[in-house]
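Reading the structure
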Amino acid sequence: MSVALPDAERVYAELVRQLEPLVTPETGMVGIQTGGAWVAERLHRDLGLVVPLGTLNISFYRDDYASSGLHANVRPSQIPFDVNGRRLLLVDDVLFTGRTVRGAMNELFDYGRPESIGLVVLVDRGGRQLPICAQIVGATLAVPAGAKLDLRRDGAGRLSLHLEPGG
Amino acid sequence: MARNLQLNEKGELQHLLTIEGLPREIIVRILDTAASFVGVTEREVKKVPLLRGKSVFNLFFEASTRTRTTFEIAAKRLSADVINLNISTSSQSKGETLLDTIDNLAAMHADMFVVRHAASGAAHLIARHVAPHHHVINAGDGRHAHPTQGLLDAYTIRHYKQDFTRLSVAVVGDILHSRVARSLIHALTTLGTPDVRAIGPQTLLPTGVESLGVRVFHDMREGLRDVDVIVMLRLQNERMKGPLLPSAQEFFKCYGLTAEKLAVAKPDAIVMHPGPMNRGVEIDSMVADGRQAVILPQVTFGIAVRMAVMSLLGGGAA
């Protein structure tokens, strides 16, 4: 079974279009490493957000730690603003089971109590295992459960989607 | 050759007993993970849920308030339950053997043992004995090893100096009795430090110390010339009563770190000490409180490094 993958740059443009009317100077944005942080970096710049961008590395909040151990680290989480009372946009590249988003929300609450959290994803591939849904979705794709859908970024900063069929 | 007791069959950390023989990738992984935990300790909630539901037993057969406390804080910041046992005043004094004590604690569903013992090899003995789902961290065994101290020293050096492959590091004082020095020297050489120096009187340097990859100096001014990092070791009071040293005053004159001796090192050299310090014996107060001292940051980094070790040990099906 083959899945036609959309152009990630077009999907990204769609995200910007949907977000433009929603953001304010007070909006805080947080990207989940690594793919979500790439998307958030672009959005933060293109939407002209003034609150500095935050990034989350949810290794310390994963629910598979007891079976898989600590995942190889990328960069530490960094939330360079006060979370308390702020409206937050949480950004990820691919929404799948919902477990990453749950971990990210748990971590965010250890920084403080936000006013609200909205979920922004480039691609929703279905397959949810938790009651989580995104408010802003660039594209919806039906991807077989075992396949791996990845976002990549080239040297020029261009985003692209890649699918590896599952074994 | 026997399998490295510290690693499981997949080459992952199973126990932390000594830095000697630990692959470079694992040391770097511990330091990288610690860097992520430094940020956690600066947040509103200074805890992560990794070890929720796990029990960490601090087994201190030898007193050490600071090391025990930092392990306790580290475990609590990982959401573990911590049980402190001061064994010197407990069952051992009633004649129970070390391994019987361990079996009893394992029956209480301990997940991790942090062991401090006056006998070299005590943590190894326990690691060899326990079931695969138990993990052992050596918190100092005799004169042998104190790996988390060596790792936190390495972390501190990397924090201030970044690249080990360009550094000159001097370790000064009682290296003979120091498990801290031994662990740090192994960490530094494994991480590719080209110039590690051991400075001290002949009587306080172990014979054959050069085989660890260090250069030996008996003259402190000569040894400190142009170094980037100075690690002062504690001169244990009980040693001064023995035949190895004339007196504390004499030791300070030759091997105490003063501003005047520090001036021989690079101008941006950092001064470290594993604590507790003997001011006026191995280090002058002016230096200990001076701008080049990073002795208190070492303590802070120590918590993050111990969190890193525990979190790497505690996850995954062993």
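Just so we're clear, the structure is a prediction, and the values are computed from it rather than from any experiment. (Residues numbered from 1 in each chain as written. Chains lettered and ligands numbered in written order. Predicted model: local features only at pLDDT ≥ 70, side-chain atom pairs only at ≥ 80, totals over all residues.)

1. Quick word on the overall build of chain B
The helix and strand inventory of chain B stands at twelve helices and nine strands. In terms of overall dimensions, chain B is globule-like: its C-alpha atoms have a radius of gyration of 19 Å, near the 20 Å expected for 318 residues. C-alpha atoms of chain B, sized along the principal axes, occupy 55 × 45 × 45 Å. Buried residues in chain B amount to 46% of all 318 residues. Put simply, 76% of the contacts in chain B that link residues at least 6 apart link residues at least 24 apart. (Helix = DSSP H or I, 4+ residues; strand = E, 2+ residues; numbered from the N terminus. Rg over C-alpha atoms; globule rule 2.2 N^0.38 Å. Buried ≥ 20, exposed ≤ 12 C-beta atoms within 10 Å, placed from the backbone. Contact = placed C-beta atoms within 7 Å.)

2. A short note on the overall build of chain A
Looking only at helices and strands, chain A has four helices and seven strands in total. In sequence order, chain A lays out its α and β elements as α-β-α-β-α-β-α-β-β-β-β. Taken over the C-alpha trace, chain A has a radius of gyration of 15 Å; the compact-globule value for 167 residues is 15 Å, and the two agree within 12%. For chain A, the spread of C-alpha atoms along the three principal axes comes to 45 × 40 × 30 Å.

3. What to know about the interface of chain B and chain A
Facing 16 residues of chain B, the contacting portion of chain A comprises 16 residues. Elements with a minimum of two residues in the side of chain B that touches chain A: helix H1 (24–40) and helix H12 (295–314) of chain B. The leading source of residues in the side of chain B that touches chain A is H1(B), at five residues. Its residues assigned to classes, the side of chain B that touches chain A comprises seven nonpolar, six polar and three charged. (Nonpolar A, V, L, I, M, F, W, Y, C, P; charged D, E, K, R; others polar.)

4. Considering the domain arrangement of chain B
Residue and element names in this part refer to chain B. Here the domain parsing of chain B yields domain 1 (24–146 + 300–314) and domain 2 (147–294). Each side of the interface is counted separately: domain 1 has 21 residues, and domain 2 has 20 residues. Contributions of two or more residues to the side of domain 1 that touches domain 2 are made by H1, strand E4 (135–141) and H12. Residue classes in the side of domain 1 that touches domain 2 are distributed as ten nonpolar, six polar and five charged. (Domains from an automatic or database assignment.)

5. Brief notes about the nonpolar core
Residue and element names in this part refer to chain B. Core analysis: the largest hydrophobic core is formed by 135 residues, its most contacted members being Val171, Val172, Ile230 and Val231. With ten residues, the single largest contributor to this core is H12. A domain split of this core shows at least three residues from each of domain 1 (24–146 + 300–314) and domain 2 (147–294). Ignoring any residue separated from it by four or fewer positions in sequence, one finds Ile230 in contact with Ala170, Val172, Leu224, Leu257, Ala265, Ala269, Val271 and Met272. (Core = buried A, V, L, I, M, F, W, Y, C linked by C-beta atoms within 7 Å.)

6. Quick notes on helix H2 (residues 65–77) of chain B
Residues and elements named next belong to chain B. Helix length check: H2 (13 residues) gives 18 Å between terminal C-alpha atoms against 18 Å at 1.5 Å per residue, within 8%. Taken as a whole, H2 has its buried residues at Thr67, Arg68, Thr70, Phe71, Ala74, Ala75 and Arg77. Each element contacted by the buried residues of H2 is listed here: H1, strand E1 (55–60), strand E2 (81–86), strand E3 (112–117), E4 and H12. Ser79 occupies a position one or two residues after H2 and carries a positive phi of about 70°. (Expected span 1.5 Å × (residues − 1).)

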